[in-house]
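For reference, the chains in residue letters:
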Amino acid sequence: MWPRDELLKTIWHAFIALDVDHRGKVSKSQLKVLSHNLCTVMRIPHDPVALEKHFKDDDQGPLSNEGYMPYLNKFILDKVREDFDVLEFNKMCWTLCYKKNICTKHLLITDEDSFKIWCIFNFLSEDKYPLVIIIEEIEYFLRKLMETMRTEWSEEKFSDYKLQLNTKKNCLTAWELIEVVGMGYFSKGLNRQSMSLGINEVFQELILDVLKQGYMMKKGHKRKNWTERWFILRPNSLSYYVCEDLVEQKGKIALDQNCCVESLPDKDGKKCLFIIKCTDKSFEISASDKKKKQEWIQAIQTCIQLLRLGLPSPHREARLRRRELRQRQHVEEDHLVEKMRQLQVANENKQRQLEAMREKMEEAEAKAALEEHKMLKTQLDLQDRYRLDLEREKMMEEQVAQKSSELEQYLQRVRELEDMYHRLEEALEDERQAKQDEEAMRKLQARLLEEETTKRAELEQFHLQQQRALSQTEAEKQELVAEQLAKERELQTAMLQLDRLEKDRKGALEQYEEVSRKLERAANKTKTWKDKVAKHEGLVRLIQPGHKGPQRITNWGPASFTDAELEMRKKSWQESKNQGAQAQ
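This structure is a prediction, so every number in the text was calculated from the model and none was measured.

Brief notes about the sheet that holds strand β9 (residues 260–264)
The pairing of strands in a sheet comes from backbone hydrogen bonds and takes either a parallel or an antiparallel form. Strand order in this open sheet of seven strands is β8-β7-β6-β5-β11-β10-β9, and the pairing throughout is antiparallel. The open sheet terminates on both sides in strands that have one partner only, identified here as β8 (249–254) and β9. Within the sheet, the average angular offset between the axes of one strand and its neighbour, ignoring direction, is 35 degrees. Pairing analysis gives five bridges linking β9 to strand β10 (residues 273–277), with the strands arranged antiparallel. Looking across to β10, one finds that glutamate 262 is bridged to isoleucine 275. Against the sheet, helix α11 (residues 290–309) contacts β5 (212–219), β6 (226–234), β7 (237–241), β9 and β10, and its axis sits at roughly 160 degrees relative to β9.

A closer look at a nonpolar patch on the surface
Nonpolar side chains collect at one region of the surface, where Leu336, Met340 and Leu343 lie side by side and expose about 300 Å² of accessible area between them. Mapped onto the elements of the fold, leucine 336 is located in helix α12 (residues 314–412). Look at leucine 336 and you get partly exposed, because its relative accessible area is 49%.

Re the domain arrangement of the protein chain
Split by domain assignment, the protein chain resolves into domain 1 (1–89), domain 2 (102–209), domain 3 (212–312) and domain 4 (317–378). Using C-alpha coordinates to define each centre, domain 1 is positioned 58 Å away from domain 4.

Regarding the packing of aromatic side chains
Using the criterion set out here, one finds 10 aromatic pairs in the structure. Measuring from ring centre to ring centre gives 5.7 Å for tryptophan 12 and tyrosine 129, while their planes differ by 50 degrees; the resulting arrangement is tilted. Here the residue tryptophan 12 occupies a position in helix α1 (residues 4–18), and tyrosine 129 occupies one in the loop between α6 (111–124) and β3 (133–134), the gap between them amounting to 117 residues. Ring geometry for phenylalanine 231 and tryptophan 296: centres 6.5 Å apart, planes at 70 degrees, overall edge-to-face. A residue pair is termed long-range when its members are at least 10 positions apart, and phenylalanine 231 in strand β6 and tryptophan 296 in helix α11 qualify at 65 residues. Across this residue pair, the class does not change: phenylalanine 231 and tryptophan 296 are buried. Counting every residue linked through ring pairs, the aromatic cluster contains Trp94, Tyr98, Phe115, Trp118, Trp175 and Phe203. Across from the ring centre of phenylalanine 123, 4.4 Å away, lies the NZ or CZ of arginine 319, which sits over that ring.

Focus on α1
Because each turn of an α-helix spans 3.6 residues, side chains separated by three or four positions in sequence point in the same direction. Across its 15 residues, α1 extends 21 Å between first and last C-alpha, which sits within 8% of the 21 Å expected from 1.5 Å per residue. When you tally the buried positions in α1, you get 12 out of 15 residues, the bulk of the element. Within the span of α1, buried status applies to Glu6, Leu7, Leu8, Lys9, Thr10, Ile11, Trp12, His13, Ala14, Phe15, Ala17 and Leu18.

Notes on the packing of α6 against helix α7 (residues 135–148)
Orientation of α6 relative to α7, taken along the N-to-C sense of each, is 135 degrees, at an axis distance of 11 Å. Judged on the interaxial angle alone, α7 and α6 are oblique. Handedness of the crossing formed by α6 with α7: right-handed. In this structure, α6 contributes Ile117, Ile120 and Leu124 to the contact, and α7 contributes Glu137, Tyr140 and Phe141.

Section: the pairing of strand β11 (residues 282–286)
Here β11 lies mainly inside the structure; four of its five residues are buried. When β10 meets β11, the two strands line up antiparallel, connected through five bridges. Among the inter-strand pairings, lysine 277 is bridged to a residue of β11, identified as serine 282. Two successive antiparallel strands, β10 and β11, enclose a turn made up of four residues.

Brief notes about the state of the cysteines
Scanning all chains against the criterion turns up zero disulfides. The thiol sulfur of cysteine 39 is not disulfide-bonded, and the nearest other cysteine sulfur, from cysteine 93, lies at 12 Å. A residue is classified by how much of its surface remains accessible, and cysteine 39, at 3% relative accessible area, is buried.

What to know about the confidence of the model for the protein chain
Scored by pLDDT, the protein chain has a mean of 81; 90% of the residues are at 70 or more. Mean pLDDT across the elements of the protein chain ranges from a minimum in strand β2 (residues 63–64), with 49, to a maximum in β10, with 92.

A closer look at the nonpolar core
Residues Leu38, Met42, Tyr68, Trp118 and Phe141 are the most contacted members of the largest nonpolar core, which totals 71 residues. A domain-level breakdown of this core finds at least three residues from each of domain 1 (1–89) and domain 2 (102–209). Setting aside residues no more than four positions away along its own chain, phenylalanine 141 makes contact with Ile117, Ile120, Leu124, Leu177, Val181 and Val202. Ranked by size, the runner-up nonpolar core spans 22 residues in total, among them Phe231, Leu233, Tyr240 and Ile304.

With respect to the side chain of lysine 218
By secondary structure assignment, the location of lysine 218 is in strand β5. No salt bridge forms around the buried lysine 218; measuring N to O, its nearest opposite-charge neighbour glutamate 284 is 10 Å away. Dropping the residues within four chain positions of it, lysine 218 is found in contact with Asn225, Trp226, Thr227, Arg229, Phe231, Tyr240, Phe283 and Glu284.

A look at the environment of glutamate 295
Among the structural elements, glutamate 295 can be located in helix α11. Accessibility expressed as a relative area gives 30% for glutamate 295, which makes it partly exposed. Sequence separation between glutamate 295 and lysine 212 is 83 residues; the distance between their C-alpha atoms is 9.0 Å.

Regarding the packing of helix α2 (residues 28–41) against helix α5 (residues 86–101)
Where α2 contacts α5, the two axes come as close as 9 Å, and the packing angle between them is 155 degrees. The angle between α2 and α5 falls in the class roughly antiparallel. The two elements α2 and α5 cross, and the hand of that crossing is right-handed. Contact residues: α2 offers Leu34, Asn37, Leu38 and Val41, while α5 offers Glu88, Phe89, Met92, Cys93 and Leu96. Partitioned by chemical class, the residues of the contact of α2 with α5 number seven nonpolar, one polar and one charged.

A look at unusual backbone geometry
Most peptide bonds take the trans configuration, and most residues that are not glycine carry a negative phi. At the junction of tyrosine 129 and proline 130, the peptide bond is cis and its omega measures out at -5 degrees in the coordinates. Along the chain, proline 130 falls in the loop between α6 and β3. The phi dihedral of aspartate 209 falls on the positive side, at around 60 degrees, and the residue is not glycine. Of note in this structure, leucine 246 is not a glycine but carries a positive phi near 65 degrees. With respect to the helices and strands, the residue leucine 246 is situated in the loop between β7 and β8.

Parameters and conventions
Residues numbered from 1 in each chain as written. Predicted model: local features only at pLDDT ≥ 70, side-chain atom pairs only at ≥ 80, totals over all residues. Heavy atoms only, no water. Pairing = 2+ DSSP bridges. Helix = DSSP H or I, 4+ residues; strand = E, 2+ residues; numbered from the N terminus. Axes fitted to C-alpha atoms, helices over the stretch in contact; angles between N-to-C directions. Contact = heavy atoms within 4.5 Å. Patch = residues over 30% accessible without salt bridge, like charges linked within 9 Å, V, L, I, M, F, W, Y side chains within 5 Å. Areas by Shrake-Rupley, 256 points an atom, 1.4 Å probe, with all protein chains shown as cover. Salt bridge = Lys/Arg side-chain N within 4 Å of Asp/Glu carboxyl O. Buried < 20%, exposed > 50% of the residue type's maximum accessible area, 1.4 Å probe, protein only. Domains from an automatic or database assignment. Phe/Tyr/Trp six-rings, centres within 6.5 Å; stacked < 30°, edge-to-face > 60°. Lys NZ or Arg CZ within 6 Å of the ring centre and 35° of its normal. Expected span 1.5 Å × (residues − 1). Parallel < 35°, antiparallel > 145°, perpendicular 65-115°, else oblique. Left-handed = near helix turned anticlockwise from the far one by under 90°. Disulfide = S-S within 2.5 Å. pLDDT = per-residue confidence, 0-100. Core = buried A, V, L, I, M, F, W, Y, C linked by side-chain atoms within 4.5 Å. Lys, Arg positive; Asp, Glu negative; His and termini not counted. Nonpolar A, V, L, I, M, F, W, Y, C, P; charged D, E, K, R; others polar.

As C-alpha cells, then:
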C-alpha cells in the first residue's frame, strides 16, 4: 500500500501547475479533469456526481485548495488499492507540471531522467508545503548517484555548493534539483549514458523498491531443469524475468513472515545453492559465486525480518530515521541555544560583578601604590645613610692601613733576639686567638643573617597581609583602616629592628675585618721572626753539654736543636705545607 503522504506530494505538483494565478485556487472544470485522470490511473471508479455535490454551494468561480482536499481524501485516496501502476500515476502528474516549470533541452539529461529525479525529489522531500528538499537529503541523493556511476565523491566541491546554498535558502525545489543534476556540476566528465544509468539505478532502488537485482539460475518445478533468470528483489516479493529488459515476467515469489531462506550444499553439478521456503512451495536457486549467494541470502532475510516486524521498506525506514535524527538535532540545537542564552545572561551578570570588583581593586591598588611610594622613599633615605656609613668605613680603613704601615716600620727596628722570642710566642698565641675570634664572628654573622632573613620574611608577610586586607569589601573598610595602622606600627618597629640588626652586622663585619688584619699581621710577624730566628738561633743558643747518644746533624750544624725543638719545627713545616696545598 502506497503511503498517502507520498501520493499527496505528487498530486500537489499537478494542482500547483493548474493554479495559473498562484492564488491557491483552481477552477471546477480543471478539478474535474484532474480528478477524472487520477481515478483513471489509480483504477478507482470516477463519480462526477460526488464532485458536484461536494462543491454544490460554489458553482460559480474558482475553488480553493482547502475545499478540494477533503474531496480528494474521501472520494479518491480512501479508495486506493495496491494494484494500480504508480509509474503511470507519477507520469500523469509529471506531464501536467514539468513543461510549465523547466526546459530540459539545455540539460545533459533526457526528459525521462528528469522525471525520475522528480520522483526521487517527491520521495526525499519534507512533509511540508511548498515541497522542498533540504541539504542533508540532497547530499544523500548525490552521494548515492555518484556511487552508482562509480565516480569519486568530491567533499570539497559539495562543501562549496553547500556554502552557496546556505547564503540563499538552504534547500531546493524539484526543478532546481533537476537543474543541479542536469547541468553536470557534480558529474563532469561523464557522458549522458552513464548519467542515465546511474539515475535509473537510484530510481529503481528508492522509488520502485528494488533492493537487489541480477542474473541467477533457477530450478524448474515441473521439468527440474536449471534456467538463467533475471531476479528483482522488492520488500515483499522476488520476481524473475527472461532477461533484464523486464519484458517477459516468468514468475513471482511472494514473501511473507512465514517464509525463510537457507543455504544448500552443492549437488547435481550446481554450486552456491540456496532455497527459499514459502507456505505452498520451495524455490531452489544457484548464484554465480559465494559472495553473490551470501548477498542474496542476506537481502532476502532482511526483507522477511522487516515483514515480521511490520516495518516499511529499508529506504523508507532509513528516511524516517534520518528525519528523526534531524528532529532530535534541531531539538538539541534549540536546547543548546537556550542554554547559551542563559549562560550569556549569567556571563553578563558575572561581568557586572567583576567590573564592580575591578573598581574596588583599583581603589585598593591606588592606596597600596601610595603606601609603596612612602616605603620606597624610606628605603632611599636608608640607602643614603648606608652610603655615608660606607664612606666613613673607607676612611677608617685608610687610617688603619697607615697605622699598620707605621707599626711594621717600627717592628723592623727591633733587633734583639730575646724580644723576638717573646714576640714570636705572643704572635702564635694571637694567631690561635684570632682563629677563635674569626670562628666566633662567623657564627655571629650567620646568626645575624638568619635574623635579618627572618625579619625580611616577616616584613613580606606583613606586606602580603596588607595587600589581602586592601582587597576586602567596602563593609570591612573601617576595620581595615585600624588594622592597617597597627600593621604599619609593627612595620616601623620591624624596620627599626632591621636597622639595628644592620648596624650590628656592620659592627660584626668591622670586628671580623679587624681580627683578620690582626691574624694577617701575626702571620707576617711569625714568618719574619721565624726567618730571623733561623738565621741567628745557632749563635744565640747556649753551649750545653751534649748527651751521650748519637748527635743530630742539621743545616745549622751538629746539635743545633734539641729533640723538642726539632719536633716543633717539623710540625710548623708540615702546617705551612698544608696551608700552601689548600691555597692552590
